[in-house]
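# Per-entry structural report
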Amino acid sequence: MRLQILLLLAFHLVRAIPTQPSNREKPFFFKGHDLSSLKMLEDGGCIYRDTTRYNETRRAEAILGDGGMNTIRLRIWVNPVGGIYGLQYNLELAKRFRNEGYKIYLDLHFSDSWADPQKQPPPAAWPSTLGPLTSTLRDYVKDTLISFKEAGIHLDLVALGNEIRHGMLWPLGQADVDVVPWPKTVANFSNLATLWKAARAGIDDAVFAGVAKPEVLIHIDNGWNLTLQQRWFGAMIENGLPITAWDVFGFSFYPFYGTSATFDNLRTTLNTLAEEYRKPIQVVETDYPAICEGRYNPIPTSSEPEISYDVAGQTTWTADVISIVQQIPFGLGRGVMYWEPAWLNNTSLGSDCEDAILFAPDYSNPEQTVGYSRSSVNMFNVRS
């Protein structure tokens, strides 16, 4: 009898243990476009026409939204000439996009102009010694996030620095993963780690002031290069950066910059980092040519030459990148962003190809440039 009572109690205990739902909701997958230049283009008279609606004039984000976009990425500069990409410029754009239902990814460059692996110029008005610079940086991050909150804009993702493989805020924050031996590599990252931790503290300060915490990214280029990524993050961690300090790995991945930028190498890098860190991963910059005929520069070799340089190739390339990200172990692949698809007066997007945007530009009217949507605007609808 005693055995029967014990078995009965055990049965009811097992039934009382909560079980996980069999069909748990999937994590949100960010499908984004960088539309940083859109306000500048619109102010200059550019318009966009939807070729699936008999060339109806529509906002670019509406056309891209129909194509599956759910997130918009915006870069912000500290004190840019003319205010383009500055705080007020971005507040206006971000409020518009947020009201339209898009998630917002803010990319802080910590510069008055472009910051990338080749250059990371500090803002002209910022201090040039490490202690004062860290304080200024921390305050800038805090004040920027508070400004967005006061404007009623929730930020979903915030990147502290843009493509900071070689550091940020040069020369103080410059770093090089190729310095050897390893102890010298770590020492070489000391200032960068100090600066990045100060920026991250600015996030905490803003949260303490009432800002809803965004997901924090570290953004590095060459997402296909496993050695680069392992050494970079290893050096930062050895300089005291807690693994909990960032929420998302963000990587750039382009076809033009070396034939090693293959899908196989990207897959290996992302999967390895997922195994090592168990953190979400996004490809936050990519694009692919619609036209590459060697009109102005030699035609660059693609790292995936079987994908043609044309509009269909844009969709294929991006769909393959999405597939790789979605297959990252543990469900840690969380997003893909296409860079500046609507930039009608910079169609090369910095490559040697003539055109990598998602709208065919018409320059026949000097008063008004028109962008006609290509089929590749629907690239995010190819894979769910």
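These numbers were taken from a predicted model, which means no experiment stands behind them.

### Topic: the state of the cysteines
By the definition in use, this model includes one disulfide. Two residues, C292 and C353, share a disulfide whose sulfurs are 2.1 Å apart. Across the S-S bond of C292 and C353 the torsion is about -70°, and the bridge reads as left-handed. Residue C292 is found in the loop between β9 (281-285) and α10 (311-326), and its partner C353 is found in the loop between β10 (333-338) and β11 (359-362); the two are separated by 61 residues along the sequence.

### Concerning helix α4 (residues 87-99)
Its 13 residues place the ends of α4 18 Å apart at the C-alpha level, agreeing with the 18 Å of an ideal helix rising 1.5 Å per residue. Buried within α4 we find Y89, N90, L91, L93, A94, R96 and F97. On its buried side, α4 packs onto α2 (38-43), α3 (60-66), β4 (71-76), β5 (103-108) and α5 (130-150). Just downstream of α4 lies G101, where phi reads positive at about 100°.

### Some details on helix α7 (residues 190-208)
Across its 19 residues, α7 extends 27 Å between first and last C-alpha, which sits within 8% of the 27 Å expected from 1.5 Å per residue. Looking only at α7, the buried set comprises L192, A193, L195, W196, A198, A199, R200, A201, G202, I203, D205 and A206. Just downstream of α7, G210 is the residue with a positive phi angle, here 110°.

### Some thoughts on the nonpolar core
If you look at the biggest cluster of nonpolar residues, it comprises 105 residues, and the most contacted ones within it are F110, L137, L160, W196, W232 and F359. Of the residues forming this core, the biggest block, eight residues, is contributed by α7. Counting residues in hydrophobic clusters, the runner-up holds eight residues, among them F30, Y105, L157 and A159.

### Some remarks on the sheet that holds strand β8 (residues 248-252)
If you walk around this closed barrel you meet the eight strands as β1-β4-β5-β6-β7-β8-β9-β10, and the pairing is parallel. Pairwise comparison of adjacent strand axes, ignoring direction, gives a mean angle of 25° for this sheet. For β4 and β5, the ladder comprises six bridges, and the chain directions are parallel. Bridge pairing in β5 links R73 to Y105. Sheet contacts for α4: β4 and β5; angle to β4, the most-contacted strand, approximately 175°. Here α5 sits on the sheet and contacts β4, β5 and β6 (157-160); the angle it forms with β5, its principal contact strand, is near 155°.

### Some words on the side chain of N162
Of note, N162 is situated in the loop between β6 and α6 (182-188). Owing to a relative accessible area of 3%, N162 belongs among the buried residues under this scheme. Looking at N162, its side chain comes within polar contact range of the side chain of R73, at 3.3 Å. Separated by 2.7 Å, the side chain of N162 and the backbone oxygen of A115 make a polar contact.

### A closer look at the pairing of β10
Among the six residues in β10, six count as buried, and that is most of the element. When strand β1 (residues 30-34) meets β10, the two strands line up parallel, connected through four bridges. In the strand pairing of β10, F30 is matched with G335. Bridge count for β9 against β10 is three bridges, and the pairing is parallel. Along β10, the bridge assignment pairs V283 with V336. The parallel pair β9 and β10, bridged by α10, forms a crossover whose chirality is right-handed.

### Observations concerning the packing of helix α9 (residues 263-277) against α10
One can describe the packing of α9 onto α10 by two numbers: an axis separation of 10 Å at closest approach and a directional angle of 25°. Judged on the interaxial angle alone, α10 and α9 are roughly parallel. Here the hand of the crossing between α9 and α10 comes out right-handed. The segment α9 lies against α10, with F263, L266, R267 and L270 engaging W317, D320, V321, I324 and V325. By residue class, the composition of the contact of α9 with α10 is seven nonpolar, no polar and two charged.

### Things to note about the packing of helix α8 (residues 226-238) against α9
The interhelical angle for the contact between α8 and α9, taken along N-to-C directions, is 30°, at an axis separation of 9 Å. With respect to each other, α8 and α9 are oriented roughly parallel. Residues L226, Q229, Q230, F233, G234 and I237 of α8 form the contact with α9, whose participating residues are T268, T269, T272, L273, E276 and Y277. When its residues are assigned to classes, the contact of α8 with α9 shows five nonpolar, six polar and one charged.

### So, the confidence of the model for the chain
Across the chain, the average pLDDT comes to 93, with 93% of residues at or above 70. Low pLDDT, under 50, characterises residues 1-22; the stretch is placed with zero contacts to residues that sit more than four places away or in other chains.

### Here's the deal with the sheet that holds strand β2 (residues 47-50)
Across the sheet, which stays open at both edges, the four strands sit in the order β3-β2-β12-β11 with mixed pairing between neighbours. Edge positions in the sheet fall to β3 (56-58) and β11, since each has one partner strand and no second. Going from strand to strand, the sheet's axes swing by 35° on average, the running direction of each strand aside. Note that β11 and strand β12 (residues 370-373) share four bridges and pair antiparallel.

### Comments concerning the environment of P366
Relative to the helices and strands, P366 resides in the loop between β11 and β12. Taking the C-alpha atoms as reference points, P366 and Q174, separated by 192 residues in sequence, lie 43 Å from one another.

The rules behind each value
Per chain, the residues get numbers from 1 upward, laid out in the order the sequence is written. Thresholds applied to this predicted model are a pLDDT of at least 70 for local features of residues and 80 or more for the giving and counting of side-chain atom pairs; totals over whole chains, interfaces and linings are not thresholded and use all residues. Excluding hydrogens and water, the side-chain values take into account all heavy atoms of the structure. Pairs of cysteine sulfur atoms within 2.5 Å are identified as disulfides in what follows. Working definition: helices are DSSP H or I runs of at least four residues, strands are E runs of at least two. Numbering for both runs from the N terminus. What a helix is expected to span follows from its residue count: subtract one and scale by 1.5 Å. Only protein chains enter the accessibility calculation, which uses a 1.4 Å probe; a residue whose area is less than 20% of its type maximum is buried, one above 50% is exposed, and one in between is partly exposed. Whether two residues are in contact is decided by their heavy atoms, any of which lying within 4.5 Å being enough. By nonpolar core we mean a set of buried residues, namely Ala, Val, Leu, Ile, Met, Phe, Trp, Tyr and Cys, connected to one another through side-chain atoms within 4.5 Å. Two strands form a pair only when DSSP identifies at least two bridges running between them. Every axis corresponds to a line fitted to the C-alpha atoms, with the helix fit spanning only the stretch in contact, and the corresponding angles, defined between N-to-C directions, vary from 0 to 180 degrees. Pairs of N or O atoms within 3.5 Å make up the polar contacts considered here, provided that, within protein, one atom can donate a hydrogen while the other can accept it, and that residues adjacent in sequence are counted only when both atoms are side-chain atoms. Consider the strands pointing away from the viewer: the crossover is right-handed when the path from the first strand over the helix to the second runs clockwise. If an angle is under 35 degrees, it is roughly parallel; if it is over 145, roughly antiparallel; if it lies from 65 to 115, roughly perpendicular; otherwise it is oblique. Handedness of a crossing follows from how the near helix is turned relative to the far one, being left-handed for an anticlockwise turn of less than a right angle and right-handed for a clockwise one. Side-chain classes are defined by residue name, with Ala, Val, Leu, Ile, Met, Phe, Trp, Tyr, Cys and Pro counting as nonpolar, Asp, Glu, Lys and Arg as charged, and the others, Gly among them, as polar. Here pLDDT means the predictor's own confidence in every residue, given as a number from 0 to 100.

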